[in-house]
Amino acid sequence: MKVLQLGKFYPAIGGLEKVMYDITMGLSEKKERCDILCTVLEKHDRGDIRLNEYADVLRVPFIRKVAATMIAPAMIFRLRKIRKKYDLIHIHHPDPMACLALFLSGYKGPVVVHWHSDILKQKQLLKLYRPLQNWLLRRAEVIIGTTPPYVRESPFLQKVQDKTVVIPIGIDEVKPVEEQVARIKEKYAGKKIIFALGRLVAYKGFEYLIKAARQLGNDCVVLIGGKGVLQESLQALIEEQGVADKVKLIGFVSNEELPGYFGACDLFCLSSIWKTEAFAIVQVEAMSCGKPVVATKISGSGVSWVNSEGMSGVNVEPADADALADAIKAVLNDTHCYAQLAAGARLHYETMFTRELMVERCMELYRSILNKEENTLNRKENNKKENE
């Protein structure tokens, strides 16, 4: 089995790229050939990267970035050159450049589409891309969605429900380092830590979490990790609301520091308000550390499906500071409830969201598609012989 993952760029900075990388590593660790074809992340990057004996990252340069899309004609030519090496191509959507490369590649084998999210923000781009997106959905043997609600409610998937399957995103468990955890807890000694993480942009709804902090006790502190265009306005809101002692914008959190914050926090809060938040891997990272989650019921999103109500946490209506505050207090102020949700969060991770489960499900899907393909070819060959 030789599989090509086709997507945005490497190294991973978002959920789409992380899933692509984790599937590649998972297959290659099982000695199945799996490569990634993508663009470089920065223009000064050069060349392919060997991950291990069974996996390479094939990187091509881009000309420029337009509407969150890397314009990379080199991807088309590279895919045309290597297309016959692979039994199956797994393309990660949304990525118009990867889709265009597949369309022009001449590849004839089976295609799996991983539908991470609809295109919501780039409406002008969607008008241009829509015919190609429709081609991709028709071309796909199978379409993978990450949660049942998103698959069921996406307007773009309504006509292809019969060939969609759900494979939740899985991750390796986050393993907090004791020294890091101790330092963070010491810094906020005597405080219950509510941790939130994400780019400081509108759809994350951090303004509502900041407003919710007014209703939290003085024994609570909200730590918001991340950077983005709203940093100054969020800091101004913190001052305006009079919660500078309760809410801290801690800036970008590196991969090395992140486990410490998940380990030190008492609760993770996802305050997102738009369907742009389709899954939220950060919830699963928190669950892997046995942390209860307070998240939002975003219409059409899979966020509240990932955070199982009453098992791993609590879900509230989006854009509602009062509801966020009430949920946080309900979890943190009830010892029995907290213990139940903490244990449930870890169990939910183990039974639904491990990397091993995601990789196994993908491998089973690949095998079923390739077996079907082989049987079809055998039937055609037999029919040809009979006709002769």
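Everything below is about the structure printed above this text.
Residues numbered from 1 in each chain as written. Predicted model: local features only at pLDDT ≥ 70, side-chain atom pairs only at ≥ 80, totals over all residues. Heavy atoms only, no water.

This part covers the overall build of the protein. Counting its secondary structure elements, the protein contains 14 helices and 16 strands. Radius of gyration (C-alpha) of the protein: 22 Å, near the 21 Å computed for a compact globule of 388 residues. By the burial criterion, 55% of the 388 residues in the protein qualify as buried. Long-range pairs, those at least 24 residues apart, make up 68% of the contacts in the protein with a sequence separation of at least 6. Only carbon and sulfur atoms are counted for the fraction: they give 51% of the accessible area of the protein, which is about 18,000 Å². (Helix = DSSP H or I, 4+ residues; strand = E, 2+ residues; numbered from the N terminus. Rg over C-alpha atoms; globule rule 2.2 N^0.38 Å. Buried < 20%, exposed > 50% of the residue type's maximum accessible area, 1.4 Å probe, protein only. Contact = heavy atoms within 4.5 Å. Areas by Shrake-Rupley, 256 points an atom, 1.4 Å probe, with all protein chains shown as cover.)

Moving on to the sheet that holds strand β11 (residues 192-197). Reading across the sheet, the six strands line up as β13-β12-β11-β14-β15-β16 and stay open at both edges, with parallel pairing between neighbours. Edge positions in the open sheet fall to β13 (247-251) and β16 (313-316), since each of these has one partner strand only. Ignoring strand direction, the axes of neighbouring strands in this sheet form an average angle of 25°. With four bridges connecting them, strand β12 (residues 220-225) and β13 associate as parallel partners. Looking at β13, one finds that Ile224 is bridged to Leu249. Helix α10 (residues 281-288) contacts β11, β14 (267-269) and β15 (293-296) of the sheet and is inclined by roughly 165° relative to β15. (Pairing = 2+ DSSP bridges. Axes fitted to C-alpha atoms, helices over the stretch in contact; angles between N-to-C directions.)

Further remarks concern the pattern of salt bridges. Throughout the structure, instances matching the rule amount to 16 salt bridges. Of the charged contacts in the structure, one is a salt bridge between Arg33 and Asp56, with a shortest N-O distance of 2.9 Å. Taken as a pair, Arg33 in strand β2 (residues 33-40) and Asp56 in strand β4 (residues 55-60) lie far apart in primary sequence, 23 residues in all. In terms of burial, Arg33 and Asp56 fall into one category: buried. (Salt bridge = Lys/Arg side-chain N within 4 Å of Asp/Glu carboxyl O.)

With that settled, the discussion passes to the environment of Arg130. Following the sequence through the fold, Arg130 ends up in helix α4 (residues 123-139). Along the sequence, Arg130 and Ile76 sit 54 residues apart, while their C-alpha atoms lie 19 Å from each other.

Look at helix α3 (residues 96-105) against α4: their axes get within 10 Å of each other, and the N-to-C directions meet at 45°. Considering the angle they form, α3 stands oblique to α4. The two elements α3 and α4 cross, and the hand of that crossing is left-handed. Between α3 and α4, the residues in contact are Pro96, Cys99, Leu100, Leu102 and Phe103 and Leu125, Tyr129, Leu132, Trp135 and Leu136, respectively. (Parallel < 35°, antiparallel > 145°, perpendicular 65-115°, else oblique. Left-handed = near helix turned anticlockwise from the far one by under 90°.)

Time to look at the nonpolar core. Of all hydrophobic cores here, the largest spans 53 residues; its most connected members are Leu27, Ile193, Phe195, Leu197, Phe262 and Phe268. For this core, the element with the most residues is helix α14 (residues 355-387), which contributes eight residues. Setting aside anything within four residues of it in sequence, one finds Leu27 in contact with Val3, Glu32, Cys34, Val359, Met363 and Tyr366. Listed in part, the 41 residues of the second largest apolar core include Val60, Leu79, Cys99 and Leu157. (Core = buried A, V, L, I, M, F, W, Y, C linked by side-chain atoms within 4.5 Å.)

The full count for this structure, using the stated rule, is nine aromatic pairs. Pairing Trp115 with Phe156 gives two aromatic rings, centres 6.3 Å apart and planes at 40°, and the pair type is tilted. Highlighted residues: Trp115 in strand β8 (residues 111-115) and Phe156 in the loop between α5 (148-153) and β10 (164-166), separated in sequence by 41 residues. We classify Trp115 as buried; its relative accessible area is 1%. For the ring pair Phe262 and Phe268, a centre distance of 5.8 Å and an interplane angle of 35° mean the geometry is tilted. The class of Phe262 is buried, set by a relative accessible area of 0%. Judged by its relative accessible area of 0%, Phe268 is buried. Among the aromatic side chains, those forming a connected cluster through ring pairs are Phe195, Tyr261, Phe262 and Phe268. Residue placement shows Lys227 over the ring face of Phe252; its charged tip is 5.6 Å from the ring centre. (Phe/Tyr/Trp six-rings, centres within 6.5 Å; stacked < 30°, edge-to-face > 60°. Lys NZ or Arg CZ within 6 Å of the ring centre and 35° of its normal.)

Another aspect to go through is helix α13 (residues 335-352). The end-to-end C-alpha distance of α13, which contains 18 residues, comes to 26 Å, matching closely the 26 Å that a straight helix rising 1.5 Å per residue would cover. Listing the buried residues of α13 in full gives Leu341, Ala342, Gly344, Ala345, His348 and Tyr349. In this fold, the buried residues of α13 make contact with α10, α11 (303-306), β16 and α12 (321-332). Here α13 starts with a cap whose side-chain oxygen sits 3.1 Å from the backbone nitrogen of His336, and that cap is Asp334. (Expected span 1.5 Å × (residues − 1). Polar contact = N/O pair within 3.5 Å; in protein donor to acceptor, adjacent residues only side chain to side chain.)

Across the two faces of β15 the burial is the same, with Val293 and Ala295 and Val294 and Thr296 all buried. With two bridges connecting them, β14 and β15 associate as parallel partners. In the strand pairing of β15, Cys269 is matched with Val294. What joins β14 to β15 is α10, and the crossover it makes is right-handed. Pairing analysis gives four bridges linking β15 to β16, with the strands arranged parallel. (Right-handed = clockwise from strand over helix to strand, strands pointing away.)

Moving on, we get to the sheet that holds strand β9 (residues 142-145). Sheet architecture is open: eight strands sit in the order β3-β4-β2-β1-β7-β8-β9-β10, paired in mixed fashion. Every interior strand has two partners, whereas the edge strands, β3 (49-52) and β10, have only one. In this sheet, adjacent strand axes meet at a mean angle of 25° when their direction is disregarded. In terms of strand pairing, β2 meets β4 through four bridges, oriented parallel. If you follow Leu37 over to β4, its bridge partner there is Leu58. Each of β1 (2-10), β2, β3, β4, β7 (88-93) and β8 is contacted by helix α1 (residues 15-29), which is oriented at about 150° to β1, the strand it contacts most.

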